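Overview (structure and organization)
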Amino acid sequence: MPDKSSTSTADGDRPDESTPLQFDDEWEARASERLSETEFDTELGIELAKDAQRVVAGELSERAFHEKHHDAVRDEFGEDARLLDAVLTEREESDEGEGVASRVSSLFEDESSRREFVKKGGAAGMGLSMLLGSPDAGSASTAPAEDADAEDTRLGMVINLNNCDGCLECVTACKGLHGTSRGAHWIYVMAYTDPDLEHENFFVRTCMHCANAPCEKVCPVGARHTREKDGLVLTDYDICIGCRYCMVSCPYGANYFQWGDPDSPRQNDHFTHDERDVWVDGPPPNGAMGKCTFEPAWQDGQAGEKLVGTTMCEMACQRDAIHFGDLNDPESDPNQHLEEYRANHPNDRSEFEDRNPDTVSTFRAMEERGTEPGVIFIGNEPSVHAEQVEGPVTYEDKGLIDDRKSEILDDGPAGDDDGGELA
Amino acid sequence: MSTGTSPEAILRPIHTYSRRYVATVAIVLALIGFWLFLYAQQLQHGLIVTNLGDWGSSAGVPWGLYIGAFIWWVGIAHGGIILSAAVRLLGLDTYQPVARMAELLTIAALTCAGLFILIHVGRPDRLVTSVVPAWPTRVQWSPLMWDVTVITAYFVLTATYLLLTVRYDIHRLREQLPDAFEPVYKLLMVDYSETEDAVVERMVWWLAFAIIIMAPLLLHGGVIPWLFALLPSMAGWEGGVQGPSFLSIALTSAVSGIIVIAAVFRSAYGWEELIPEAVFRGLAKWLGFFSLMFLWLQLQQVITGVFAAPTTLQHATEVKLATPTYWVAIGLVVVALLYIFATVLRPSLFDIRVMAVLSIGVLLGTLIEKTLFVVEGLQHAHFQLYEGVPGPYIPSIVELSAIGATVAIVAMFFLSVSKVIPVVELHAVEDEEEVN
Amino acid sequence: MLPLSASASYTLPFVGPGTYLIFGIVLLPIYIMLVAWFAGKPRTAKKGLLGVAYLVGLTTGLWGSLFVATMVILYLFF
């Protein structure tokens, strides 16, 4: 399990930033085993790998890295293609170090010598490509997700569908926090099959907090609005007339109407009202509309510093699937996760250097609808032929089935005398 | 002048009370009362007592019969202006005897449309307090707010038209009108003098002009279809064809409504000469024309939706075609159209009662088509992953009773108003030379 | 005091498609009608004002009665 507090992309353990990287015996044993399979020096390989990680962690400069092993690499492989000067010059000239990879690979005059390098590279090659992979941020695949006016805060998510396993913890946690009624799943996880995909996949549907939200445009009374501070799309529960036009206009099905009295009504506390003192969270009152909010009260610091910049579903997810934060900030959780994940899924460019640097696919759901959604997905986009199926954990297992209607309608239109839903 | 077309004839509803009248009032009040009892349940428990639900993971339908009926009543309301415009702007005097009835139908129908909005929203208590202060900002964006604006305008323009034109009648018939309603007449006649007639004639001409531009083109062929066609979410709602399509249905149902009301009054008050058969034959031809337009525009949507359409549109159209209820609706209109065509070929076949019954069928058919449009649209969104979608939707008893109640309200409106003012214009029984 | 709600703030610009649609197109026939009421012949300003009084009065009456109805609902059920 990746350690979220670490900024390192590697396996080294790092209690805090001031202590040097430690490599435990288990790691050394693994590296040793893998490297001994190659025809080259295992010790050198291990040293190169360790130092490569140190460079990434900022403990060692690139120049020092190249200088340190230059002779040994040349002796072992017959050449040292890690051109120090070229690397340094390129880095100074461009912010993102674009072109480093092409600079290095242009050293090889023909295919065969590239292939030789790959075969000989072993762990060194691995370390190098990691090093070269991350600075190649000029291309779209590693660019941080930036939307519209990059100066503004835009809270959104990167949801890694490859990491999701349908455990439904996020769904349960969200319901627990917000007190939404049965059947109202502000976050909803769907397992689905797709003819072109071999395995079951998952789709996690929150509200997309669109920058061009149709729900906000169509609201006749201005209850559905976008918060200027951070782009959250919220519903003013005091104004909403319950016309349900927002639900009708939303392409994603993110809205949930309060058809009867809430199971756990909640009002007038620091969670339900944000810093503008607008009632925007918790279950809506009977007759109004609710949906995923990204916890505006938390973002406003009303629940303490620790909960700023996170959401309940992100906290509940143990699979590293949900990442919430400012999409316009390259250092935010979602952007960091994107960067890390791309770095961890490099493409094989040893033979063909023009290939995409990583094999990571991202998408925003139903983007062609023009909504400008604020959730970026890593993984496969469900095709038109995708069909939802029961996942490994069912909603029934979690006690999340909606049985509100039967309670009222079974007794006929007269309903039960108290007029409320039974909790 | 024969007695059949004298001023006395148009006063007959005001001067007579029959047992049939009282019985009708009783039935109408019962229908309204039944619905009120069920509506009270809805107000107490919330909309959970209907069969509506969230679209998406809950596989429900958030807009159903309430919205279908809302659209239907706004459509029927268009009859008023079509008739008045035909008479005033185009000089089609044949329809003058039914012009005021049609205008009254507009007022009643728009009231019912507004009632369905009240019934439909989750927080009716906020319908004014949230909407009115938000109007200045939200009218710039929300199609629903445009809707509210144009319906209010249409209602107010038609009511103004009625209030201005009725003054001529009341002035000339004052002595023969019941004393009990004298306060009402006084109010209606505020600041009246005979010199105003020519001025008011011109003013109502311009009123008719404003309405005929606004109502068909910008209300039922405008903001109402735009409620649906402007959205990015539902596959079956898209396209510029929605405007003309909705308008064709509105005009079809509007003329049907007038035929029914005119037939009922004609039969109840012995108005065979006042509203001659020629009026119904003419209305039938218009109904035939509008029905043809409706069917033709359905064809447009079907063919563009099944030939080589994008997957979601193709799917939505195929669903529409596979729905038996859709064909019932189409069939009800086709039957009326065939009858009308037959009577054009063989005039002797024409019978007002048959035409009235077939018009009721057309009204039912247009209500079904509009409700299906709303419901099936919501059952087939562009986003197709939700397993439960489409979920089933059958209107609940509270929703169905509201249909009966609004029909009853329209009936009640006519039953009341016809006792106070003449429902046939005095102009219709005066000499044509005098009027012009 | 009356429970009138203030509009929430939002980041959509004030002017939108509805601005042009409603004030430029939909209400245009009404503008023309009003001009004709006060500009054509025969006319008197008095009857024109009567017409305007009907328009304003009916709008107020319509929304006023609706307001009363919604307050009754509020008192009885919410």
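Above this note sits the structure.
First, a word on what this report is: a plain description of the structure on this page. (Residues numbered from 1 in each chain as written. Chains lettered and ligands numbered in written order. Predicted model: local features only at pLDDT ≥ 70, side-chain atom pairs only at ≥ 80, totals over all residues.)

Details of the overall build of chain A
Heads up, the rule is: Counting from the N terminus, the helices are the DSSP runs of H or I reaching at least four residues and the strands are the DSSP runs of E reaching at least two. Once C-beta atoms are placed from the backbone, each residue is buried if 20 or more other C-beta atoms lie within 10 Å of its own, exposed if 12 or fewer, and partly exposed for counts between those two.
The number of helices and strands found in chain A is 13 helices and eleven strands. Expressed as a percentage of the 423 residues in chain A, the buried residues total 44%.

Here we look at the overall build of chain B
We apply this condition: We compute the radius of gyration over the C-alpha atoms and compare it with the globule rule, which gives 2.2 Å times the number of residues raised to the power 0.38. By definition, residues are in contact whenever their C-beta atoms, placed on the basis of the backbone, come within 7 Å of each other.
Scanning chain B from terminus to terminus reveals 15 helices and zero strands. Here the C-alpha radius of gyration of chain B, 22 Å, is about what a compact globule of 436 residues would show, namely 22 Å. The buried share of chain B, taken over its 436 residues, is 57%. Long-range pairs, those at least 24 residues apart, make up 81% of the contacts in chain B with a sequence separation of at least 6.

A short note on the interface of chain B and chain A
Short version of the rule: Residues are grouped as follows: Ala, Val, Leu, Ile, Met, Phe, Trp, Tyr, Cys and Pro are nonpolar; Asp, Glu, Lys and Arg are charged; all remaining types, including Gly, are polar.
Residue-level contacts link 45 residues of chain B with 53 residues of chain A. Those elements giving two or more residues to the side of chain B that touches chain A turn out to be helix H2 (19–45), helix H5 (131–138), helix H6 (143–173) and helix H14 (397–417) of chain B. Split by residue class, the side of chain B that touches chain A holds 25 nonpolar, 15 polar and five charged.

Some points on unusual backbone geometry
In this structure, His209 of chain A is a non-glycine residue whose phi angle is positive, near 45°. Tracing the backbone shows His209 of chain A in the loop between strand S3 (201–205) and helix H8 (214–218). Classification of His209 of chain A by C-beta neighbours within 10 Å gives buried; the count is 28. Located in the positive-phi region is Asp191 of chain B, a residue other than glycine, with phi close to 60°.

Remarks on the nonpolar core
The test is simple: Here, a nonpolar core means buried Ala, Val, Leu, Ile, Met, Phe, Trp, Tyr and Cys residues linked by C-beta atoms lying within 7 Å of one another.
Trp73, Phe116, Tyr154, Ile258 and Ile259 of chain B are the most contacted members of the largest nonpolar core, which has 236 residues in total. Apart from the residues within four sequence positions on either side, Phe116 of chain B is in contact with Tyr66, Ala69, Phe70, Trp73 and Ala402 of chain B.

Here's the deal with the sheet that holds strand S2 (residues 188–193) of chain A
All names here are of chain A. Just so we agree on the cut-off: Any two strands with at least two DSSP-identified bridges between them are counted as paired. Axes, fitted as lines to C-alpha atoms, cover a helix only where it is in contact. Angles between the N-to-C directions of the axes lie from 0 to 180 degrees.
Strand order in the open sheet formed by three strands is S3-S2-S11, with antiparallel pairing between adjacent strands. Among the strands making up the open sheet, the edge pair consists of S3 and strand S11 (387–389). On average, each strand axis in the sheet is tilted by 50° relative to the strand beside it, whichever way the strands run. In the sheet, S2 pairs with S3 via five bridges, with the strands oriented antiparallel. Within S3, the residue paired with Val189 across the bridge is Val204.

Focus on helix H1 (residues 17–26) of chain C
Worth spelling out the cut-off: The arc under discussion is defined with respect to the helix axis, by the directions toward the C-beta atoms.
Of all the positions in H1 of chain C, only Gly18, Leu21, Ile22 and Val26 of chain C are classed as buried. Down the axis of H1 of chain C, the buried side of the element spans an arc of 85°, and every buried residue falls inside it. When the buried face of H1 of chain C is taken as reference, the exposed residues oriented beyond 90 degrees from it are Tyr20 and Gly24 of chain C. Where H1 of chain C is buried, its residues contact H6 and helix H8 (196–229) of chain B.

Quick notes on the sheet that holds strand S8 (residues 322–326) of chain A
The sheet built from four strands is open, its strands ordered S8-S1-S10-S9 (chain A) with mixed pairing. One side of each edge strand has no neighbouring strand; the edge strands of this open sheet are S8 and strand S9 (362–363) of chain A.

Points about the pairing of S2 of chain A
Residues and elements named next belong to chain A. Extensive coverage of S2 is indicated by the burial of five of its six residues. Alignment of S2 against S11, held across three bridges, turns out to be antiparallel. Bridging from a neighbouring strand, Thr193 pairs with Glu387 of S11.

Here's the deal with the pairing of strand S10 (residues 375–378) of chain A
Residue and element names in this part refer to chain A. Burial along S10 is two-sided: Val375 and Phe377 facing one way and Ile376 and Ile378 facing the other are all buried. When strand S1 (residues 155–160) meets S10, the two strands line up parallel, connected through four bridges. The partner of Asn160 across the bridge, within S10, is Ile378. Two elements, S9 and S10, share two bridges in a ladder whose sense is antiparallel. Paired with Thr362 across the strands is Ile378, a residue of S10.

Focus on the packing of helix H4 (residues 96–120) of chain B against helix H9 (residues 242–269) of chain B
Residue and element names in this part refer to chain B. We count it as follows: An angle counts as roughly parallel when it lies under 35 degrees, as roughly antiparallel when it exceeds 145, as roughly perpendicular when it falls between 65 and 115, and as oblique in every other case. Crossings are assigned a handedness: left-handed for a near helix turned anticlockwise from the far helix by less than a right angle, right-handed for a clockwise turn.
Remark: H4 packs on H9, axes separated minimally by 10 Å, with the N-to-C direction vectors making an angle of 120°. By the angle between their axes, H4 is oblique relative to H9. Crossing angle aside, the handedness with which H4 passes H9 is right-handed. Contact residues: H4 offers Val98, Met101, Ala102 and Leu105, while H9 offers Gly257, Ile258, Ile261, Ala262 and Phe265.

A closer look at helix H7 (residues 169–178) of chain A
Residues and elements named next belong to chain A. If you check which residues of H7 are buried, you get Cys170, Val171, Thr172, Cys174, Lys175 and His178. Where H7 is buried, its residues meet S2, helix H11 (312–316) and S8. A positive backbone phi angle near 70° is found at Gly179, which sits one or two residues after H7.

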